[in-house]
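So you can see what is in the structure, the chains are spelled out below.
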Amino acid sequence: MLEVKDLHASANGREILKGVDLRVKAGEVHAIMGPNGSGKSTLAHVIAGRPGYEVTRGRVLYQGQDLLAMTPEARAREGVFLAFQYPVEIPGVSNVYFLKAALNAIRKHRGQSELDAMDFLSLVKEKAKLVDIDESLVKRAVNEGFSGGEKKRNEIFQMAILDPPLAVLDETDSGLDIDALRIVAGGVNQLRTPERAIVLVTHYQRLLDYIVPDVVHVLLDGRIVKSGDKELARELEARGYEWLEASAAP
Amino acid sequence: MTPASAVDQGGAPQRLPAQSMTETDRYRTEFEAFAAGRSTPEPAWLREQREEAIARFQDRGFPTVAEEEWRFTSVAPIARTAFRRPAPGEGSGVRTADVAAFGFEGAFEGHQIVFVDGRLAPGLSSITPEGGLQICSLADVLSREPERLRSHLGRVVSDGASSFADLNAAFFEDGAFVFIPPGLAVDKPIHLVFMSSRGTGPASTISHPRTVVVAGRGSQVQIVESYAGVPGAAYLANAVTQIVLEDGAGLEHCTVQRESEAAFHVGFMAVVQGRASRFKSHSFALGGRLARNDVRQLFADEGGECELNGLFAVAGEQHSDTHTVIDHAHPHCTSRELYKGILDGKSRGVFVGRILVREGARKTDAHQTNKNLLLSREALVDSVPQLEILASDVKCKHGSTTGQLDSAALFYLRSRGIPEAAARSLLVCAFASDVVGRVRIPAVKAGIERHLREQLPGLRDREIQEAVL
């Protein structure tokens, strides 16, 4: 599904990713862990195509296609989804209608029929339940006046609507209390399917108690220095990242 | 001290004397022809007013950037154009279809009175009788019962308006007169349409429509003024609108300026509010090559409410200048002001908003907000909020921001699959939506939204349109 090969990327002239390799198959959940500044969010942003990063070396293949050559919207239409660490408030833009436009652009691209307003609203009803988000909330302006937890739930709600083959969740656990975390994780778990690949970017092991990953990677100073199963996450929780730092040195 | 004497005393030159002599002389000559050509005699007081106005204009000339009120807007392109007054009948080429394009596509349900080149076009107007409501041609009222207008017509120029208002006072022939009798809540909105034709002669044309609206005690009404021109036509529309709200009256006003891309527009609106009256204004400056709009409001008694909303959207080399004055001359009045600007290309925008809280105007509550969105590096906006508070026990605040499209919001939309051009346009429409959304006449709101959409790329998709709140 996703293949990252020797990816180097910089922002404002500073190299942040220094040769990342990653292979994620359909049906798998991979966790990318690492301390602040290790490059986790940069990796998520480069996969989604956020402007402002320069890829200096390496490739990112998605379903065999060169992802880096595509605009962010083309990636979305191909099925790449990014759940934002900091979802953006957009006053004046309807959350649900912008999502309808997005979904129909994607469906059209996939050769599926577009949904009419009735079908779309019943889809909204169904998916809102998944993350226990109020229907009236999702009909407001995008994230405007939402609490931190509501914003994160809205991200997973959007993911559920758009049904992407590849979802990258950037620190979806940050800023959530334990109840909200359970709800968000529950939503993600219901979206785990054999067809979908999920990449969880997280700072803490906590999220992985609720979304159990197939593979855990440790990102340190722009490189994946260790990969393992869910036990690796527990070890990191107990020992911190310091014991791995020696292996991060070039 | 007049500007002329300031020059004499060695101050900064306020205009180029050689140039303005010929310009003002031209208008004087025009004025003589205008006065001589009038078939029906006007009352002496009006003739005197016109004489005084043209004399004042001759004395002051066109405003220059050396004047505080005009420092951001050069009217040199207007000053150097030799406009001509179109002959009656020249605008007869304007058809119902031309008006319909600016009449909200037939969706507007209400009274409509149309003026072409500043003169009534009865064939294009449709007014149905409604409980003593009067909507008619100002020229008509002047010929039949001129005394009704006497107290109004002289007023504007004494309010310190610019020499454009002097030109209007000297040359106006017609415009709308709207009288809402005391206590009447007008059922349907009233649309005043001012169209400029292409004329039949070679030179650019000029018109000076004058509108007087009197909302009687406790009356209620919605009025829309449209200014538009035949596409490509070059002209100057120099409009003056005077609105009086008697005690307890409520008036919701909307100006939709969609002049042709080659046109100049100068609009001056004076509003006087009686006790506990409510005035709400939505001003959309969307067209024209060079546009200047003044709104001059006065609380003439206690307990009034005033809301001024506005949006200008310019691109290319367009220039749009708005000056507003809200005058809290009496206690217990509330004003809210929200103006927004959208600038693309090499366009230039100006917002100068003055709120004056006079001595003794306690319990004044005034808010002013100005927000501007720059879509290109070459666009430029000047925003000058001015708060002058001479009273105590008041609540006043103002804020002004100018910025570009939010790149984080743009990426957010694109990351969900919205194409870049559509995402940009969606954000621009969203920026405008809180001003446009306040318009309560559905056809007018839809017409403005349509106009904005047509200016923006990537918004043809119906679904994207629906995403604008």
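Residues numbered from 1 in each chain as written. Chains lettered and ligands numbered in written order. Predicted model: local features only at pLDDT ≥ 70, side-chain atom pairs only at ≥ 80, totals over all residues. Heavy atoms only, no water.

Details of the overall build of chain B
Keep this limit in mind: In this text, helices come from DSSP runs of H or I with a minimum length of four residues, and strands from runs of E with a minimum of two, each type numbered from the N-terminal end. Computation of the radius of gyration draws on C-alpha atoms, with the globule rule given as 2.2 Å multiplied by the number of residues to the power 0.38. Accessibility here uses a 1.4 Å probe with only protein chains present; expressed as a share of the type maximum, an area under 20% marks a residue as buried, one over 50% as exposed, and anything in between as partly exposed.
Looking only at helices and strands, chain B features 13 helices and 20 strands. Radius of gyration (C-alpha) of chain B: 22 Å, near the 23 Å computed for a compact globule of 469 residues. C-alpha extents for chain B along the principal axes are approximately 70 × 55 × 50 Å. Within the span of chain B, comprising 469 residues, buried residues form 57% of the whole.

Describing the side chain of B:S283
Note the cut-off: Here, two residues are considered to be in contact whenever any of their heavy atoms come within 4.5 Å of each other.
Take B:S283: it is sitting in strand β12 (residues 278-285). Apart from residues lying up to four places away in sequence, B:S283 is in contact with B:T255, B:N309, B:G310, B:L311 and B:Y339.

Some points on the pattern of salt bridges
Opposite charge on two side chains allows them to pair when their charged atoms are near. All names here are of chain B. As a reminder of what qualifies: Only one rule defines a salt bridge in this text: a Lys or Arg side-chain nitrogen within 4 Å of an Asp or Glu carboxyl oxygen.
The final tally for this structure, using the stated rule, is 50 salt bridges over all chains. K280 is the salt-bridge partner of E307, the closest N and O atoms lying 4.0 Å from each other. Taken together, the residues span a long stretch of sequence, with E307 in strand β14 (residues 305-314) and K280 in strand β12 at a distance of 27 residues. Residue E307 is classed as buried on the basis of its relative accessible area of 19%. Using a relative accessible area of 26% as the deciding quantity, one classes K280 as partly exposed. Close ionic contact of D294 with R296 constitutes a salt bridge, the shortest N to O distance being 3.8 Å. R296 matches D294 in its accessibility class, with the two residues each being buried.

Concerning the domain arrangement of chain B
Residues and elements named next belong to chain B. The cut-off we apply is this: Here the limits of each domain have been adopted from an automatic or database domain assignment. Two parts lose some accessible area (1.4 Å probe) when they are put together, and adding that loss for both gives the buried area. Following the grouping adopted for this structure description, the nonpolar residues are Ala, Val, Leu, Ile, Met, Phe, Trp, Tyr, Cys and Pro, the charged ones are Asp, Glu, Lys and Arg, and the polar ones are all others, Gly among them.
By the assigned domains, chain B splits into domain 1 (4-405) and domain 2 (406-469). For domain 1 and domain 2, the distance between their C-alpha centres works out to 29 Å. Taken together, the contact pairs 29 residues of domain 1 with 21 residues of domain 2. Both faces combined, the contact of domain 1 with domain 2 buries some 2,200 Å², and carbon together with sulfur accounts for 74% of it. Residues D434 and K340 are paired through a salt bridge, measuring 2.9 Å at the closest nitrogen-oxygen approach. At the level of elements, β8 (220-229), β10 (250-258), β12, β14, β16 (334-343) and β18 (365-374) are the ones that each hand at least two residues to the side of domain 1 that touches domain 2. If you tally residues by element for the side of domain 1 that touches domain 2, the top one is β14, at five residues. Grouping the amino acids of the side of domain 1 that touches domain 2 by side-chain chemistry returns 16 nonpolar, seven polar and six charged.

Some remarks on the sheet that holds strand β1 (residues 2-11) of chain A
Residues and elements named next belong to chain A. Put simply, the test is: What makes two strands pair is DSSP finding at least two bridges between them. Whenever a helix is involved, its axis is fitted only over the stretch in contact; in every case the axis is a line through C-alpha atoms, and angles between N-to-C directions fall within 0 to 180 degrees.
Spatial ordering of the open sheet is given by β2-β1-β4-β5, a layout of four strands whose pairing is antiparallel. Lying at the two open borders of the sheet, with one neighbouring strand each, are β2 (14-24) and β5 (65-66). Across two bridges, strand β4 (residues 54-62) lies against β5 in antiparallel orientation. Note on β5: the bridge partner recorded for L61 is D66. Lying over the sheet, helix α1 (residues 40-48) contacts β1, β2 and β4, oriented at roughly 70 degrees with respect to β2.

Quick look at helix α3 (residues 95-109) of chain A
All names here are of chain A. Put simply, the rule reads: Under the convention used throughout, the expected extent of a helix is 1.5 Å for every residue step, that is, one less than its residue count.
Here α3 is 15 residues long and its end C-alpha atoms lie 21 Å apart, about the 21 Å a rise of 1.5 Å per residue gives. Across the 15 residues that make up α3, a large majority, 11, are buried. Residues N95, V96, F98, L99, K100, A101, A102, L103, N104, I106 and R107 constitute the buried set of α3. Residue G111 follows α3 closely and has a positive phi angle near 80 degrees.

Re the packing of aromatic side chains
All names here are of chain B. Operational definition: Pairing of aromatic side chains requires ring centres within 6.5 Å, counting the rings of Phe and Tyr and the six-membered ring of Trp. Pairs whose planes differ by under 30 degrees are stacked, by over 60 edge-to-face, and all others tilted.
Within this structure, the stated rule accounts for 16 aromatic pairs over all chains. Their ring planes at 50 degrees and their centres at 6.5 Å tell us that F31 and F34 sit as a pair that is tilted. Of this pair, F31 and F34 are both found in helix α2 (residues 17-36), three residues apart, which corresponds to roughly one turn of the helix. Of the two residues examined, F31 and F34, each falls in the buried class. Both rings, one in F83 and one in F264, keep their centres 6.1 Å apart while their planes meet at 90 degrees; by these two values the pair is edge-to-face. Of this pair, F83 sits in the loop between α4 (76-79) and α5 (96-102) while F264 is found in strand β11 (residues 264-273), placing the two residues 181 residues apart along the sequence. Just as F83 is buried, F264 falls in that class too. Each residue in the set Y27, F31, F34, F57, F62, W70, F164 and F171 is aromatic and connected to the rest through ring pairs, giving one cluster.

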